[in-house]
Amino acid sequence: MRTYINNINNLEDGSIIEIDGWVQEIRKIKKLLFLIVRDNTGSVQVTVKDNMVKNYDSIYNISRESVIKVSGKLNKKSISKSGVEILANEIIILNTAETPLPMGVIDLVDVDFDTRLNNRFIDLRKPENLIIFKFESELLFGIREYMNKNNFIEVHTPKIVAAATEGGADLFPVQYFEKRAYLNQSPQLYKEILMSSGFDRVFEVGPAFRAEKENTVRHLNEFTSIDIEMSFSDDETVMRMLENAIAYSVNRADSILGKELKGLGYSIEEVRPPFPRIEYSELINYLNDNGFKLNFGDDFSPEAMKFVSKKYNGFYFITKWPKDLRPFYTMPDDTNRNVTRSFDLQLRDIEVCSGAQRIHDYNMLENSFNEKGLNKNNFEFYIKAFKYGMPPHAGWGLGLERLVMNLLNLSNVRESTLFPRDRSRLSP
Ligand code: AMO
């Protein structure tokens, strides 16, 4: 029976165990060999004596990152650094790694980010990288659990679509037999259609594609979007759902992985809702009072957000965005028609989520298409759902990689993406 390395501490001294993993480090003293073996839960010293294993010579010449199976006796009174070792009595070489390695796993010398991404299979072996994706997985598990508890139905909408969702320019075209199609920018139109279908509450975790040319530390051309849509609700209801879902899933993931994260240099702060809500115009005034020169209708620059994040350094909402800065489906505010019932959720200086109450009235939606200069004929499949009983509804889209990037204080969104797609990268 295989033992995972992080489980060794729970076993009794002298137990006979078997581990599988990669040879991370090799130290040789003539008739003695010390291997550090790593699996996805940790690493441990394996001590090999020449008279204890049959194939000592081939083990002696093993290369770093080769894959082995070790059987042996657990010694918890070892003089090794960790105080624990496995005294090997059988080692099977499952696969030999070529030398030299394209990059090291534990080398202290920094390789540049491109080399890391070009050799992502090996870069991800680093415990400090692997943990990012363990954390992401726990986070998603928590979000799913939260949504399930709140009666959301998980759905999967098409990714090959006929129309733009979030604005026309950033679309990847696809040849769909004789027709022109696109990769979907977000599940927006479909999650709204499902409100008309009476699903009441839906959520989706899936890929979203943006042909944005910006090559920044926050932009990907393919990202994972966590979306919800909720009937008979408004912007405030879904903001509450969002802050509670984030608090639940982050605190849960931290309670499971906190120790491991800390050991690898990451620390997660407890998330405590409610998050502050700041109106867009309030923020414009605040920035102008502090030397920025912004007009109503301007978007916030990265510099402006850096400044704001000195005041609000956790999660906070920016609400009531001007109409011109939001997509056609956004509900205008009842009291001030120039602003909308929309919000962004920021974590420090970076937007991690945006959402809104949506327009549910057919005529209002038609007007909104006209105002935005969009041809409603391209959206026939969508607006049809508004003619025959569409309930009021609201929702949001949360960028998974951006959320993880900010929670772990990573400097580049590519760090929280397994195989990032950006302006210059389509492989691996
Ligand atoms: P929006 O376009 O703001 O809204 O996207 C929602 C969230 O998705 C993430 N995101 C990105 N992450 C990485 N790279 C990108 N290029 C990128 N673009 C967006 C961000 C962002 O906050 N339909 C609406 C959501 C809604 O109203 O329900 C939408 O897609 O974290």
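Conventions used here
- Starting afresh in each chain, residues are numbered from 1 along the sequence in its written order.
- Thresholds applied to this predicted model are a pLDDT of at least 70 for local features of residues and 80 or more for the giving and counting of side-chain atom pairs; totals over whole chains, interfaces and linings are not thresholded and use all residues.
- Based on all heavy atoms of the structure, the side-chain values leave hydrogens and waters out of the count.
- UniProt positions are given in the numbering used here, feature names are shortened, and annotations may be inferred rather than shown by experiment.
- Runs of H or I in DSSP of at least four residues are treated as helices and runs of E of at least two as strands, each being numbered from the N terminus.
- Three labels apply to residues, based on accessible area from a 1.4 Å probe with only protein chains included: buried if under 20% of the type maximum, exposed if over 50%, partly exposed otherwise in between.
- The directions from the helix axis to the C-beta atoms form the arc being described.
- Throughout, a residue-residue contact means that at least one pair of heavy atoms, one from each residue, lies within 4.5 Å.
- A pair of strands counts as paired when DSSP detects no fewer than two bridges linking them.
- What we call a nonpolar core is a set of buried Ala, Val, Leu, Ile, Met, Phe, Trp, Tyr and Cys residues that are connected through their side-chain atoms within 4.5 Å.

With numbering matched to this structure, UniProt assigns "site: Important for tRNA discrimination" (unreviewed entry) to Lys81. By secondary structure assignment, the location of lysine 81 is in the loop between strand 4 (67-75) and strand 5 (85-95).

Those residues of helix 8 (residues 302-311) that fall on the buried side of the exposure criterion are Ala304, Met305, Val308 and Ser309. Buried positions in helix 8, seen along its axis, are confined to an arc of 135 degrees and lie on one side of it. Exposed side chains of helix 8 directed beyond 90 degrees from the buried face belong to Glu303, Lys306 and Lys310. On its buried side, helix 8 packs onto helix 7 (280-289), strand 13 (315-319) and strand 14 (342-347).

Spatially, 7-9-8 is the arrangement adopted by the three strands of the open sheet, whose pairing is antiparallel. The open sheet has two edge strands, strand 7 (160-161) and strand 8 (173-176), and neither has a second partner. Pairing of strand 7 with strand 9 (residues 179-183) involves two bridges; the strand directions are antiparallel. The residue bridging isoleucine 160 from the neighbouring strand is leucine 183, located in strand 9.

Considering soluble globular proteins, one finds that nonpolar side chains tend to be buried as a cluster. Within the largest apolar cluster, 53 residues are counted, with the highest numbers of intra-cluster contacts made by Phe135, Ile246, Phe315, Trp396 and Leu398. No other element matches the eleven residues that helix 6 (residues 235-263) contributes to this core. Grouped together as the second largest cluster of nonpolar side chains are 22 residues, Val44, Val53, Ile62 and Ile86 included.

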